[in-house]
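Overview (structure and organization)
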Amino acid sequence: MDPQSIIDSLLRGVMIAGVNRAVFKGQSVFSMGTVNEGVRLGAASVAYDTLVRPAVKQVLPQLPLPNGGK
């Protein structure tokens, strides 16, 4: 992954955390809690993109589809 993708994932995580705190929890958006939660979400996204997605792309074409591939 390039640095821009990592930064995008982290910022997307902070945005999602801010919306979650404001809309669903009714808490302040501008806080360290938002940043901490956002960094965790962003890091999880980076880990998924780095570790899981390549493995899934490698395995999926080999699996037979139930409808015969149609």
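Scroll up for the structure.
Described below are features of the structure shown in this document.

The rules behind each value
- Residues numbered from 1 in each chain as written.
- Predicted model: local features only at pLDDT ≥ 70, side-chain atom pairs only at ≥ 80, totals over all residues.
- Heavy atoms only, no water.
- Helix = DSSP H or I, 4+ residues; strand = E, 2+ residues; numbered from the N terminus.
- Expected span 1.5 Å × (residues − 1).
- Contact = heavy atoms within 4.5 Å.
- Salt bridge = Lys/Arg side-chain N within 4 Å of Asp/Glu carboxyl O.

An α-helical segment advances 3.6 residues per turn. Residues three or four places apart therefore align on the same side. The end-to-end C-alpha separation of helix α2 (residues 32-59) is 39 Å, in line with the 40 Å expected for 28 residues at 1.5 Å each. Lining the buried residues of α2 we find α1 (3-25).

It is possible for side chains bearing opposite charge to pair when their charged atoms get close. Across all of its chains, the model carries two salt bridges by this definition. Across the salt bridge formed by E37 and K25, the nearest N and O atoms sit 3.9 Å from each other. You can see E37 sitting in helix α2 and its partner K25 sitting in helix α1, a full 12 residues away along the chain. One salt bridge in this structure joins R53 and D49, with 3.3 Å as the shortest N-O distance. Of this pair, R53 and D49 both sit in helix α2, four residues apart, roughly one helical turn.

Keep in mind that these numbers describe shape and distance, not what the molecule does.
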